[in-house]
Amino acid sequence: MRHILLLTDFSENALLAAKQVALCTEAWKTQKVIVYHTYNSVTVVDNEPIVVVNEEVKEAKEKELADWFDQIRLLFPPQVALSYQMEDVDLPMGVQEICRAQAIDLVALGITGQTGFAKILVGSNAITLMDICPKPMLIVSHKVDPAVPKNVLATTDLKEVDRKLDLFNLDQVLETFQAKLYVLNVAKKEASAADLAQELKHLHERLDKYHPIYDYISHDDVAVGIEEYAKEKHIDLILSFHKKQGLLSSLFKSSISKKIAWNGAANLLVIPMDRS
């Protein structure tokens, strides 16, 4: 995680994300962190462009970003190069472009079910950002105190195990932080026994070196089951592989009417399976 993009809306939740990232930078040997804020100066109402951010508002936002940057810069070790950037662009598009231009390894942001990045992570905008972002995303919950992760949960539906584990080097979390790995099987029983056996074989071949604890849950609401398990095991970080319209998308969508289950359980590291 040499290059990290830290998204901010200047909220307390964004500050928690900054604290979480700062605690991990030394172990990750992070070289630079870019603080990033976007806004839209023009919106369209009834097919008519409306200016919602004028020069005065823009200047106020620039000052707010500079002040927030000064607030968080002391959290980071001196060897990390810190900078900030503000753009007049939709957030998903801006994130996608800056990830490419700056060779970003990780995108980090704060979330709560009520304010801050809720406006991004509730509904279609959440799925849009996760679908477009080409890099892993660390989503920091407002209910979790910033800390180096010690208990990590990897959920699996026993599909494409080898492919998923090729996408992300688990050493970046498990070896770096000397974290304990829990592997939670949430696979549905409709898969054939032969297919499940083969995927389980791949799972053990790839993960047994970490000496993980393997578990299985069968819950009518998978998201709630994962949340309950994470709380029971004091999980700090949940790893989830995201595919467009896949498991994570369906969990977010189905949970909106009740709550974002991930938010109350642990921080979430989303690893994209569809990379541009």
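The residue count restarts for each chain, going from 1 along the sequence in the order it is written. Local features in this predicted model are restricted to residues of pLDDT 70 or higher, and side-chain atom pairs are both shown and tallied only at a pLDDT of 80 or more, whereas totals for entire chains, interfaces and linings draw on every residue. Based on all heavy atoms of the structure, the side-chain values leave hydrogens and waters out of the count.

1. Let's talk about the overall build of the protein chain
1) Next: In terms of helices and strands, the protein chain carries 11 helices and 12 strands.
2) Next: Note on exposure labels: buried denotes an accessible area under 20% of the residue type's maximum, exposed denotes more than 50%, and partly exposed covers the range between, all computed with a 1.4 Å probe on protein chains only. For the protein chain, buried positions account for 52% of its 276 residues.
3) Next: Between two residues, a contact is recorded if the distance between any of their heavy atoms is within 4.5 Å. By sequence separation, contacts in the protein chain at least 24 residues apart represent 83% of the contacts at least 6 residues apart.
4) Next: Methods summary: accessible areas were calculated by the Shrake-Rupley approach with a probe of 1.4 Å, and residue burial reflects only the protein chains presented. Roughly 13300 Å² of accessible area belongs to the protein chain as shown, and the carbon and sulfur atoms make up 50% of that amount. Only runs of H or I of at least four residues qualify as helices and only runs of E of at least two qualify as strands under DSSP, and these elements are numbered from the N terminus.

2. Re the pattern of salt bridges
1) Next: Only one rule defines a salt bridge in this text: a Lys or Arg side-chain nitrogen within 4 Å of an Asp or Glu carboxyl oxygen. Following the criterion strictly, the structure yields five salt bridges and no others.
2) Next: We note a salt bridge from Glu-227 to Lys-231, for which the minimum N-O separation is 3.6 Å. You can see Glu-227 and its partner Lys-231 sitting in helix α9 (residues 222–232), four residues apart, about one turn around the helix.
3) Next: Overall, the relative accessible area of 6% leaves Glu-227 in the buried class.
4) Next: Notably, a salt bridge pairs Lys-233 with Glu-232, separated by 3.8 Å at the nearest N-O pair.

3. Digging into the packing of aromatic side chains
1) Next: Stacked, edge-to-face and tilted labels apply to pairs of Phe, Tyr and Trp rings (six-membered ring for Trp) whose centres lie within 6.5 Å, assigned for plane angles under 30 degrees, over 60, and everything in between, in that order. Enumeration according to the criterion identifies three aromatic pairs in this entry.
2) Next: Ring geometry for Trp-28 against Phe-177: centres 5.5 Å apart, planes inclined by 65 degrees, an arrangement best described as edge-to-face. Of this pair, Trp-28 sits in helix α1 (residues 12–28) while Phe-177 sits in helix α7 (residues 174–177), and the two are 149 residues apart along the sequence. No difference in accessibility class separates Trp-28 from Phe-177, as the two residues are buried.

4. Some remarks on the confidence of the model for the protein chain
1) Next: Per-residue confidence from the predictor is given as pLDDT, running between 0 and 100. Scored by pLDDT, the protein chain comes out at a mean of 77, with 75% of its residues at no less than 70.
2) Next: For the protein chain, the element scoring lowest by mean pLDDT is helix α4 (residues 118–121), at 44; strand β1 (residues 3–7) scores highest, at 94.
3) Next: Across residues 254–262, where pLDDT falls below 50, the model places 21 contacts with residues more than four positions away in sequence or in other chains.

5. Considering the nonpolar core
1) Next: Take the buried residues of types Ala, Val, Leu, Ile, Met, Phe, Trp, Tyr and Cys, join any two whose side-chain atoms come within 4.5 Å, and each joined set is a nonpolar core. Judged by nonpolar contacts, the single largest core of 48 residues is most densely connected at Leu-6 and Leu-269.
2) Next: With nine residues, α1 is the single largest residue contributor to this core.
3) Next: Residue contacts for Leu-6: discarding those within four places in its chain leaves Ala-17, Ala-18, Val-21, Val-33, Ile-34, Val-35, Tyr-36, Trp-68 and Ala-108.
4) Next: Residues Val-107, Leu-129, Met-137 and Ile-238 belong to the second largest nonpolar core, which totals 32 residues.

6. As for a negative patch on the surface
1) Next: A cluster of acidic residues, Glu-55, Glu-56, Glu-59 and Glu-62, forms a negative patch at the surface.
2) Next: Relative to the elements of secondary structure, Glu-56 occurs in helix α2 (residues 55–72). Only residues whose relative accessible area exceeds 30% and that form no salt bridge are eligible for patches; like-charged ones are grouped when within 9 Å, while nonpolar side chains (Val, Leu, Ile, Met, Phe, Trp, Tyr) are grouped when within 5 Å. Residues counted as positive are Lys and Arg, residues counted as negative are Asp and Glu, and His and the chain ends are not counted. Charge positions are represented by NZ for Lys, CZ for Arg, CG for Asp and CD for Glu.

7. Structural notes on unusual backbone geometry
1) Next: Of note in this structure, Phe-10 is not a glycine but carries a positive phi near 70 degrees.
2) Next: Residue classification places Phe-10 among the buried positions, given a relative accessible area of 16%.
3) Next: Not every positive phi belongs to a glycine, and Lys-29 is a case in point at roughly 55 degrees.
4) Next: As for its position among the elements, Lys-29 is in the loop between α1 and β2 (32–39).
5) Next: For Lys-29, a relative accessible area of 55% corresponds to the exposed category.

8. Digging into the pairing of β1
1) Next: Counting buried positions over the five residues of β1 gives five, a clear majority of the element.
2) Next: Pairs of strands are assigned from DSSP output, requiring at least two bridges between the strands. Relative to β2, β1 runs parallel, the two being bridged by five bridges. Of the residues in β2, the one forming a bridge with Leu-6 is Val-35.
3) Next: Inspection of the sheet shows β1 paired to strand β6 (residues 106–111) by three bridges, in the parallel sense. Bridge pairing in β6 links Leu-5 to Val-107.

9. Notes on α1
The α-helix advances 3.6 residues per turn, and as a result positions three or four apart in sequence lie on the same side.
1) Next: One fewer than the residue count of a helix, multiplied by 1.5 Å, yields its expected span. In this model α1 runs 24 Å from its N-terminal to its C-terminal C-alpha over 17 residues, within 8% of the 24 Å that 1.5 Å per residue would give.
2) Next: With respect to burial, α1 is a largely interior element, 12 of its 17 residues being buried.
3) Next: The set of residues buried in α1 consists of Asn-13, Ala-14, Leu-15, Leu-16, Ala-17, Ala-18, Gln-20, Val-21, Ala-22, Cys-24, Thr-25 and Trp-28.
4) Next: One or two residues past the end of α1 sits Lys-29, with phi positive at roughly 55 degrees.

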